[in-house]
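Chain and residue survey
Below are the chains, spelled out letter by letter.
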Amino acid sequence: MSNELLDKVNKRRTFAIISHPDAGKTTITEQMLLFGGVIRSAGTVKARKSGHYATSDWMEIEKQRGISVTSSVMQFEYQGKRINILDTPGHEDFSEDTYRTLMAVDSAVMVIDSAKGIEPQTKKLFKVVKQRGIPIFTFMNKLDRDGRPPLDLIAELEDLLGIEGVAMNWPIGSGQTLQGLYDIANNKIEMYHKDGPDRFLSLDKDGKLPDSEPFSQNPQFQDTLGEIELIKEAGNQFDLQKIAKGDQTPVFFGSALTNFGVETFLQSFVKMAPAPASHIVNETEVLAPDNQEFTGFVFKIQANMNPHHRDRIAFVRIGSGEFKKGLDVTLARTGKAIRLNNATEFMSSERMQVSDAVAGDIVGLYDTGNFQIGDSIYAGKNKVVYPPLPEFTPELFVRVTAKNVMKQKSFHKGMVQLVQEGAIQLYQNYQTDEYILGAVGQLQFEVFKFRMKNEYNSDVEMTNIGHRVARWIDPEQLDPAMANSRNLLVKDRYGQPLFLFENQFAERFFKDKYPDVKLTEKL
Ligand code: G4P
């Protein structure tokens, strides 16, 4: 074991931000990048309106629609730590991508709009994070607007998400009357809209201001003192062990847009968030992050992030060891030996060659078609296989053809490459080989169509098949005559047959007709 490697690993903080769209994820990400010194101005709103876009929103489609479509990785140094933020698309049609990204982080930040409270998408994503048992830090955003009472917001965490909330700071007023934040953890007050020496007021050991301090008479502050007493007596007690397991979440209030409370949040987060932990590999083995041999898994594949470079990038979360240029690894799925000559770290769309990436970091490997989502790679002799990533059975389907029959080559290339990214599933009609795409959300098809045109110069025609229930059938039991328009017979990318049932009635009808045939939900 090398202490040098362990030191490096312990400096890593790799996390994702989860939220419902519009809660302020992009804005807070930008503020963090600003503190990390990787961008010089934030102001997402102004930038978007003037035609410049958030660092994390680099793709053409994102610019057009104003939504985050793909996960990006952003890296910066802060207070001696190497921070990796894995961005996740907020729109629920892309939740698959988000779920897989959440498998590659060590903690999560949950951004909540303090006027709206917990919204549906937050709830869904929270469940995934909770299942992983990793720490979750909460930022109650938009304090500069009138929001719900802070006590309600904390109670809602427990009521709707089943996680204890423990306040790290507390708003003094809100919206028009916002005065500042009572920083419970650091025993001071952070004043709103104040800079320099006036920004912080120190509290005495009882958490009070001296009477000589004019702010001590402020009515909002007086109210806050009452609330603080209440939460100190009746609220949840800060418990690092519960936080580590994801049973308790430290709650920070603030306003990302006015950059209020974000710095304190980031400082506390960096202190409390965990460094990369061990992984369970090969089903039962514990692999420590400071194990010398490099290992990792692919959680995302993306083609052509930069339209000027026609390439594909496999995003690898390093699970153990250190990445070095020219490293020889084995792809666990196929046993193929691959030399990793070309890799990038991410500063959003600005790519840099990797300098020192260790467990916890994400590297982007230029890929010529070797990798699939979920692949494990390892250096050394011992085979290492990471647990499978979650896969989702598509529910929406379309038929796809090339508009221009002369351009079949770019059509096929685009189909194959985009499908390998894993956001969309490819099927073929069992008899005619016609292409059928399956996705979880409609927007995925739109992005696909756009990218086929934009990146592969291929106009595609999509015919809606609509909602279908996908069920696999044992090839031995298959008789193609079982298929009809209500249960479309297709094959997946491994050539395995499945039926796409029009609805559950069609499925039941089929089961009644063929009681001996076994159908399965997943391959
Ligand atoms: P998202 O990534 O979670 O979807 O949210 P994003 O940061 O894009 O923020 C959504 C909207 O909320 C933006 O306004 C943003 O300016 C605003 N916002 C974020 N944080 C705060 C905050 O602390 N206070 C207030 N008052 N607003 C905040 P928008 O008008 O939708 O901007 P635009 O996208 O139209 O430019």
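Residues numbered from 1 in each chain as written. Predicted model: local features only at pLDDT ≥ 70, side-chain atom pairs only at ≥ 80, totals over all residues.

For the rest of this paragraph, the subject is the overall build of the protein chain. On a plain count of helices and strands, the protein chain comes out with 13 helices and 31 strands. For the protein chain, the residues scored as buried account for 43% of the 523 residues in total. Considering only contacts in the protein chain between residues 6 or more positions apart, those separated by 24 or more positions represent 69%. (Helix = DSSP H or I, 4+ residues; strand = E, 2+ residues; numbered from the N terminus. Buried ≥ 20, exposed ≤ 12 C-beta atoms within 10 Å, placed from the backbone. Contact = placed C-beta atoms within 7 Å.)

Before going further, it helps to examine the nonpolar core. If you look at the biggest cluster of nonpolar residues, it comprises 89 residues, and the most contacted ones within it are Ala 108, Val 298 and Val 316. Residue-level mapping places this core at the junction of two domains, with at least three residues from each of domain 1 (13-70 + 88-272) and domain 2 (279-378). Apart from residues no more than four positions distant in its own chain, Val 298 is found in contact with Ala 314, Phe 315, Val 316, Phe 371, Ile 373, Gly 374 and Asp 375. If you look at the next biggest cluster of nonpolar residues, it comprises 31 residues, including Ala 402, Leu 437, Val 440 and Val 447. (Core = buried A, V, L, I, M, F, W, Y, C linked by C-beta atoms within 7 Å. Domains from an automatic or database assignment.)

Attention shifts here to the packing of helix H5 (residues 95-102) against helix H6 (residues 120-132). At a closest axis distance of 10 Å, the pairing of H5 and H6 adopts a crossing angle of 25°. Taken together, the axes of H5 and H6 lie roughly parallel to each other. Of the two elements, H5 crosses H6, and the hand of that crossing is right-handed. Along its contact with H5, which presents Ser 95, Thr 98, Tyr 99 and Leu 102, the element H6 presents Lys 124, Leu 125, Val 128, Val 129 and Arg 132. Classifying every residue of the contact of H5 with H6 gives five nonpolar, two polar and two charged. (Axes fitted to C-alpha atoms, helices over the stretch in contact; angles between N-to-C directions. Parallel < 35°, antiparallel > 145°, perpendicular 65-115°, else oblique. Left-handed = near helix turned anticlockwise from the far one by under 90°. Nonpolar A, V, L, I, M, F, W, Y, C, P; charged D, E, K, R; others polar.)

Turning our eyes to something else, we now look at the environment of Lys 271. Positionally, Lys 271 belongs in helix H10 (residues 262-272). For Lys 271, a count of 11 C-beta atoms within 10 Å puts it in the exposed group.

The sheet built from four strands is open, its strands ordered S7-S8-S9-S10 with antiparallel pairing. Among the strands making up the open sheet, the edge pair consists of strand S7 (169-172) and strand S10 (200-202). Recorded for the sheet is a direction-independent mean angle of 25° between the axes of neighbouring strands. When strand S9 (residues 188-191) meets S10, the two strands line up antiparallel, connected through three bridges. (Pairing = 2+ DSSP bridges.)

Look at helix H11 (residues 408-420) against helix H12 (residues 442-456): their axes get within 10 Å of each other, and the N-to-C directions meet at 125°. The angle between the axes of H11 and H12 places the two elements in the oblique class. Here H11 and H12 pass one another in a crossing that is right-handed. When H11 is examined against H12, the residues Ser 410, Lys 413, Gly 414 and Leu 418 are found in contact with a partner set consisting of Phe 448, Arg 451, Met 452, Glu 455 and Tyr 456. Of the residues belonging to the contact of H11 with H12, the class tally is four nonpolar, two polar and three charged.

Taken in spatial order, the eight strands of this open sheet run S27-S24-S26-S25-S29-S30-S28-S31, and their pairing is antiparallel. Here the strands that pair on one side only, and so sit at the sheet edges, are strand S27 (460-467) and strand S31 (519-520). In the sheet, strand S29 (residues 487-491) pairs with strand S30 (residues 497-501) via five bridges, with the strands oriented antiparallel. Looking at the pairing, Lys 491 lines up with Pro 497 of S30.

As a further point, take unusual backbone geometry. Even without a glycine there, the phi angle at His 193 is positive, about 60°. C-beta crowding within 10 Å serves as the criterion here: with 12 such atoms nearby, His 193 is assigned to the exposed category. Unlike most non-glycine residues, Glu 283 shows phi in positive territory, near 75°.

Among the secondary structure elements, Ala 439 is positioned in strand S26 (residues 435-439). Ignoring any residue separated from it by four or fewer positions in sequence, one finds Ala 439 in contact with Pro 394, Leu 396, Ile 424, Gln 444 and Phe 445.

All right, on to the pairing of strand S3 (residues 81-86) then. Most of S3 is tucked away: five of the six residues are buried. Where strand S1 (residues 12-19) meets S3, five bridges bridge the pair, whose relative direction is parallel. Counted as the bridge partner of Ala 16 is Leu 86 from S3. Two strands pair when backbone bridges link them, and strand S2 (residues 73-78) and S3 are joined in this way by six bridges, in the antiparallel orientation. Bridged to Val 73 within S3 is Leu 86. Counted between consecutive antiparallel strands, the loop separating S2 from S3 contains two residues, among which Gln 79 sits at a positive phi close to 45°.

Another aspect to go through is the pairing of strand S25 (residues 425-429). As defined by bridge partners, S25 adjoins S26 across four bridges and the pair is classed as antiparallel. Bridge pairing in S26 links Leu 426 to Leu 437. Between S25 and S26, which pair antiparallel and follow one another directly, the connecting turn spans five residues, one of which, Asp 433, has a positive phi of 65°. Bridge analysis of S25 against S29 gives two bridges, and the strand direction is antiparallel.

As for its placement among the helices and strands, Phe 253 is situated in strand S11 (residues 248-253). Take Phe 253: there are 29 C-beta atoms within 10 Å of it, and that puts it in the buried class. On a C-alpha basis, the gap between Phe 253 and Phe 297 in space is 35 Å, while along the polypeptide they are 44 residues apart. Setting aside residues up to four positions removed in sequence, Phe 253 forms contacts with Met 140, Leu 143, Pro 150, Asn 169, Trp 170, Pro 171, Leu 181 and Gly 261.

Low pLDDT means the predicted coordinates in that region are not meant to be read closely. In this model, the protein chain carries an average pLDDT of 87, and 88% of its residues clear a pLDDT of 70 or more. Low pLDDT, under 50, characterises residues 44-58; the stretch is placed with 31 contacts to residues that sit more than four places away or in other chains. Note that residues 65-71 has pLDDT below 50 and, in this model, 28 contacts with residues that lie over four places away or in other chains. As scored by the predictor, the complex reaches a pTM of 0.85 and an ipTM of 0.97. (pLDDT = per-residue confidence, 0-100.)

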